[in-house]
Amino acid sequence: GTDLLIGKTVTSASTDGLRFDQSGFASVSRTSTSTSLSTNNGGAIALVNPSATDGNFSHLAGYNSNSLVDSTIAFVHTSHSGRTGDIAFLTHNGTSLAERLRIDSSGNVGIGTTAASALLHLSAATDPVVALTSTTHGQSFHIAVDTSEGSGSPPLTIGTGTTVGTNTRVSITPTGNVGIGIEVASYKLDVVGGNIRVGKTSNGRIDIENNSGVKKVSLDSDGDSYFTGGNVGIGVTVPTHKLHNTG
């Protein structure tokens, strides 16, 4: 039992060459002082697919004790002439080997999609979700598209915990309605439960304008408040006077 040396005469990892030791460990050594990844210097393993067919690939695969593949990293040659390529990560779920994540030639990362259209693009048939957990505080939040809501137009939801549809705090519908405490907002701002506070360390004010941009209602916590352009009713839904109080 001696080591197999290729391109070197000593086993030292600091000497350029390839080494397979008796335990099955392989090491590739290549001296380089370059600090730029784009120069392709340093220790390297090259996988070559000599076919010029666009979309073909080279890959590294992980095999289990039964000599069956359970994970793969594929280097996809999207265009041989254009020198563009993707990196795809695949895992086996016991039934099939499926792609889970891809980095395309422009740097976009896709999870659940092979055609990422943003720097990070998540796609799933049911409830694509991102979970954020603080291990120090034991607190989790999630951001998701809740496909169980919205009757075919699911909202974006932000909630506590990691389960979609549970403890939703804020939601946004595809039409732009914002909900607080509700899954599907029916108004531009739809608040269910709790209180609303405007201002604390500074004065708060709510202004309401008509469709011409003219302010008709102003509620100021430290100034004048007013209603203009219509009657005001208290205890009545159709006031007939400037101030109409019933009951």
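Residues numbered from 1 in each chain as written. Predicted model: local features only at pLDDT ≥ 70, side-chain atom pairs only at ≥ 80, totals over all residues. Heavy atoms only, no water.

### Focus: the pairing of strand S11 (residues 139–145)
Then, number 1: Only one face of S11 is buried, namely the one carrying Ser140, His142 and Ala144, since none of Gln139, Phe141, Ile143 and Val145 on the opposite face is buried.
Then, number 2: In this sheet, S11 lies alongside strand S10 (residues 129–134) in antiparallel orientation, the contact comprising 6 bridges. From the neighbouring strand, alanine 131 faces S11, where its bridge partner is histidine 142.
Then, number 3: Turn length for the S10-S11 hairpin, with the two strands adjacent in sequence and antiparallel, is 4 residues, and the turn residue glycine 138 shows positive phi of about 70°.
Then, number 4: Pairing between S11 and strand S12 (residues 156–160): 5 bridges, direction antiparallel. By the bridge assignment for S12, alanine 144 is matched with threonine 157. (Buried < 20%, exposed > 50% of the residue type's maximum accessible area, 1.4 Å probe, protein only. Helix = DSSP H or I, 4+ residues; strand = E, 2+ residues; numbered from the N terminus. Pairing = 2+ DSSP bridges.)

### Digging into the sheet that holds strand S8 (residues 109–111)
Then, number 1: Taken together, 6 strands build an open sheet; the order of strands is S4-S5-S6-S7-S8-S9 and the sheet is mixed. With partners counted over all chains shown, the strands left at the sheet margins are strand S4 (56–63) and strand S9 (120–122), one partner each. For this sheet the average axis-to-axis angle between neighbouring strands, irrespective of direction, equals 20°.
Then, number 2: Here strand S7 (residues 97–103) pairs with S8 via 3 bridges, running antiparallel. Bridging across to S8, arginine 102 finds its partner in glycine 110. (Axes fitted to C-alpha atoms, helices over the stretch in contact; angles between N-to-C directions.)

### Concerning the sheet that holds strand S16 (residues 205–209)
Then, number 1: Overall, antiparallel pairing links the 3 strands, which are arranged S16-S17-S18 in an open sheet. In the strand order of this sheet, the two ends are held by S16 and strand S18 (226–227), each with one partner.
Then, number 2: Where S16 meets strand S17 (residues 215–220), 5 bridges bridge the pair, whose relative direction is antiparallel. The partner of arginine 205 across the bridge, within S17, is aspartate 220.

### A word on the layout of surface pockets
Then, number 1: Looking at the largest pocket, its volume works out to about 620 Å³.
Then, number 2: Lining the largest pocket we find 17 residues, and of these Asn40, Leu47, Phe75, His77 and Arg83 sit closest to its centre.
Then, number 3: Sorting the residues of the lining of the largest pocket by element identifies strand S5 (69–79) and strand S6 (84–92) as the ones contributing at least two each. (1 Å grid on protein atoms, 1.4 Å probe; cavity = no way out; pocket = protein on both sides within 12 Å on 5 of 7 lines; lining within 4 Å. Points joined across faces, edges and corners; volume = space filled by probe spheres on them.)

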